[in-house]
Amino acid sequence: MSTTTTPGAADAAAVRRAIASAARPPRPGALSTALAFGWRGVLKIKHVPEQLIDVTATPVLFLLMFTYLFGGALAGSTAAYLDYVLPGVLVMSVVFTTVYSGVALNTDLTKGVVDRFRSLPIRRSAPLLGALLGDSVRYVLAGTVVLGFGLVLGYRPDGGVLGAVCALALVVVFSFGLSWVFTVVGLVLRSPTAVLNGGFLVLFPVTFLSNVFVDPATLPGPLRAFVAVNPISVLATAARSLVDGRPDGTAIVVSLAVAAALAAVFLPVTTRLYRSR
Amino acid sequence: MTGQPALAVEATGLQKSFGDTRAVAGIDLAVPAGAIYGVLGPNGAGKTTTIRMLATLVRPDAGRARVLGHDVVTEGDAVRGLVSLTGQLASVDEELTGRENLVLIGRLLGHRRPAARARADELLEAFGVAAAAGKLVKHWSGGMRRRLDIAASLVVTPQLVFLDEPTTGLDPRSRNQVWEIARALVAEGTTILLCTQYLEEADQLADGIVVIDHGRVIAEGTPGQLKASVGTGALHVRLVDPARRAEAARVLESLVGPVALEPDPAALSATCADARRAAIGMGELGRAGVGIADFSLGRPSLDEVFLALTGHPARTGPAAGEEPAATLEEQAS
Ligand SMILES: Nc1ncnc2c1ncn2[C@@H]1O[C@H](COP(=O)(O)OP(=O)(O)O)[C@@H](O)[C@H]1O
Ligand SMILES: [Mg+2]
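As the structure is a computational prediction, the values presented were derived from the model and not from experiment. (Residues numbered from 1 in each chain as written. Chains lettered and ligands numbered in written order. Predicted model: local features only at pLDDT ≥ 70, side-chain atom pairs only at ≥ 80, totals over all residues. Heavy atoms only, no water.)

Here the focus is the coordination of the magnesium ion (ligand 2). Residue and element names in this part refer to chain B. Distances from the magnesium ion (ligand 2) to its protein donors, Thr 48 (OG1) and Gln 88 (OE1), fall at 1.9 to 2.1 Å. With Thr 48 in helix H1 (residues 47-54) and Gln 88 in the loop between strand S6 (83-86) and helix H3 (98-108), this residue pair connects regions lying 40 residues apart in the sequence. Residue Thr 48 is classed as partly exposed on the basis of its relative accessible area of 25%. With relative accessibility at 37%, the residue Gln 88 sits in the partly exposed group. (Donors = N, O, S within 2.8 Å, 3.2 Å for Na, K, Ca; no water. Helix = DSSP H or I, 4+ residues; strand = E, 2+ residues; numbered from the N terminus. Buried < 20%, exposed > 50% of the residue type's maximum accessible area, 1.4 Å probe, protein only.)

Printed below as a string of structure tokens:
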């Protein structure tokens, strides 16, 4: 390091050398820019793990609370309830994480960093697609935390490792679709906090009015009808069937179709809003 | 690199409205290549919107602009390949380290990872922020963030750099460093379009200035021409005895020019077309026995130019207290 100039100060001669010596590399392809943005997303998880902790702490807390407080009453035994609730909490945990796609986008927009990205010679949608890659890492981590907790508590699904991996993969794919809803929310609302609060305001009731925690058989009619069509219920059913080693084809296909439909509607809205911001 | 056109930016009739707000109401610009060109105007004048249209971030409602020979609307990608933007908000990622920020930009511009790292380290060193390179940018001081922001614009050397209020909120030491970097850039042949609301900054850096207000160009020229366009300088006098100010004002009014009383009760100034008349006025004050504490004869400052052009004063310096606590800056020193 140079010791002749004031430490911590810019060195005009070095700045001139750095400017003069710059090479201009060939334009990168779409994949390498997406990977670079994905790397950015992963770095953020590394630097700000609180986000991930926030979002997984709630489901884990519910897992513990429901299993040990109500497990016996709801399913006869704690172990039997754990078998029922764990795939549901897996869904809850990963689905909650999708809100952060919107929060992250909104945070970028309120800072100036999006202007920097948009002034680079790259495709305008590259930051969005790259963020998706980073988000996938977040989803996998959130789901793995829940599965790991389950193992510690004595959860041993019939479907084994393969079933668990398939269930996680399904939930992650569904969350890709759902995350476009929250990127739209992130582009429309004013602040990251508003996105976070708005997201949970919707996701909490939708998650509770599903079969994640309780078997809907005992619910009153209208509520039962809502729970039955709630996509979160369908996804939880599909995930449950996979970890149990008895795949429910209909639930899996419906879950994937819902994800595809959400992406088909909200991805174009996201890119349009993003371009016009 | 192919030869640059003589004009780095050529804009005619640029307009942009946001709802009912006419942010830019028809601006023409001709920015020569290889120099610093200042866009000077108060807060809300339309500087940022103009720069964002030129950097292809905002599509103009009307008018045309060519940047380095390429149309900003139809050849946006070509423009983006040649320019860099250092936005008004720090356009770096606060949740990454300084080094990661520069590596990311390097990779987005097509460098492979080792080359991106090497370039990042070279820039961090040159910009005097290497000591903090591994710390998250949110812990950096405002001055260091600004330097990183400018470094991020230079990962691949652009032909034109947009600097939007690069020293707003910086302490004088950081501000001087940014100025030095800007001068180094131009010395290497880069053109700079500098938006500022600080008259001193435009005066210090810019070879040409366009003054805008309410989305329109209200004056254009070199700093010297702008000062000359207001016409005259001013004779500033401070008396020993404030009680004699009225008498001094009468003398200067009759011999020099229109007199303005200043907030200091012992001070007054007279608009003055030529230096000889100032000398005569001072001589007469001496003969009348009016004690002079000090006096000076100056060409009008850009502040006075701005006041004369717009009828309202511009901000003249960084507002105090905008700088976040310079924790890392101290540690780095
Ligand atoms: N995205 C926007 N939406 C609405 N109004 C805006 C937007 N950007 C700028 N404006 C308005 O346009 C005017 C010019 O703003 P700006 O270009 O930022 O000026 P400056 O950079 O000179 O301070 C201001 O009145 C500002 O409030
Ligand atoms: Mg501005």
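On the side of chain A, 47 residues touch chain B, which itself brings 55 residues to the contact. Buried area between chain B and chain A, summed over both chains or domains, comes out near 4,600 Å², and the portion from carbon and sulfur atoms is 58%. Ranking the residues of chain B by area buried against chain A places Arg 80, Glu 95 and Leu 108 of chain B at the top, with a combined share of 14%. Linking chain B with chain A are 8 salt bridges. Notably, a salt bridge pairs Arg 27 of chain A with Asp 77 of chain B, separated by 2.8 Å at the nearest N-O pair. Taken together, the connections running from chain B to chain A amount to 17 residue pairs in polar contact (both at pLDDT 80 or more). Secondary-structure elements contributing two or more residues to the side of chain B that touches chain A are helix H2 (76-80), S6, H3, helix H4 (113-126), helix H5 (142-152), helix H6 (172-187) and helix H12 (327-332) of chain B. In terms of residue count, the dominant contributor to the side of chain B that touches chain A is H6 of chain B (7 residues). Along the lines of polarity and charge, the residues of the side of chain B that touches chain A split into 25 nonpolar, 12 polar and 18 charged. (Contact = heavy atoms within 4.5 Å. Buried area = accessible area lost by both parts, 1.4 Å probe. Salt bridge = Lys/Arg side-chain N within 4 Å of Asp/Glu carboxyl O. Polar contact = N/O pair within 3.5 Å; in protein donor to acceptor, adjacent residues only side chain to side chain. Nonpolar A, V, L, I, M, F, W, Y, C, P; charged D, E, K, R; others polar.)

According to the domain assignment, chain B consists of domain 1 (7-225) and domain 2 (231-299). Averaged C-alpha coordinates put domain 1 of chain B and domain 2 of chain B at centres separated by 43 Å. (Domains from an automatic or database assignment.)

The subject of this paragraph is the site of ligand 1. Residues and elements named next belong to chain B. Around ligand 1, the surrounding shell consists of Phe 18, Thr 21, Ala 23, Pro 42, Asn 43, Gly 44, Ala 45, Gly 46, Lys 47, Thr 48 and Thr 49. Residue Lys 47 places a main-chain N or O atom 2.8 Å away from an oxygen atom belonging to ligand 1. The side chain of Thr 49 places a nitrogen or oxygen atom 2.5 Å from an oxygen atom of ligand 1. Bound to the protein, ligand 1 loses 61% of the 560 Å² it would expose on its own. Looking at the shell around ligand 1, the elements with two or more residues in it are strand S2 (21-32) and H1. Of the residues forming the shell around ligand 1, the biggest block, 3 residues, is contributed by H1. (Near = heavy atom within 4 Å. Areas by Shrake-Rupley, 256 points an atom, 1.4 Å probe, with all protein chains shown as cover.)

Hydrogen bonds along the backbone pair up the strands of a sheet, which may run parallel or antiparallel. Residue and element names in this part refer to chain B. Pairing in this open sheet of 4 strands is antiparallel, and the strands run S12-S13-S11-S14 from one edge to the other. Of all strands in the sheet, those bounded by a partner on one side alone are strand S12 (259-261) and strand S14 (292-298). For this sheet, the mean angle separating the axes of adjacent strands, direction not counted, is 20 degrees. Two strands pair when backbone bridges link them, and strand S11 (residues 233-239) and S14 are joined in this way by 6 bridges, in the antiparallel orientation. Across the sheet, residue Ala 234 finds its bridge partner in S14, namely Gly 298. On the sheet, helix H9 (residues 245-255) packs against S11, S12 and strand S13 (267-272) and is oriented at approximately 5 degrees with respect to S13. (Pairing = 2+ DSSP bridges. Axes fitted to C-alpha atoms, helices over the stretch in contact; angles between N-to-C directions.)

With that out of the way, let us pick up the pattern of salt bridges. Across all of its chains, the model carries 22 salt bridges over all chains by this definition. Between Asp 93 of chain B and Lys 44 of chain A there is a salt bridge, with the nearest N and O atoms lying 3.1 Å from each other. One end of the pair, Asp 93 of chain B, is in the loop between S6 and H3; the other, Lys 44 of chain A, is in helix H2 (residues 30-47), on a second chain. Accessibility expressed as a relative area gives 4% for Asp 93 of chain B, which makes it buried.

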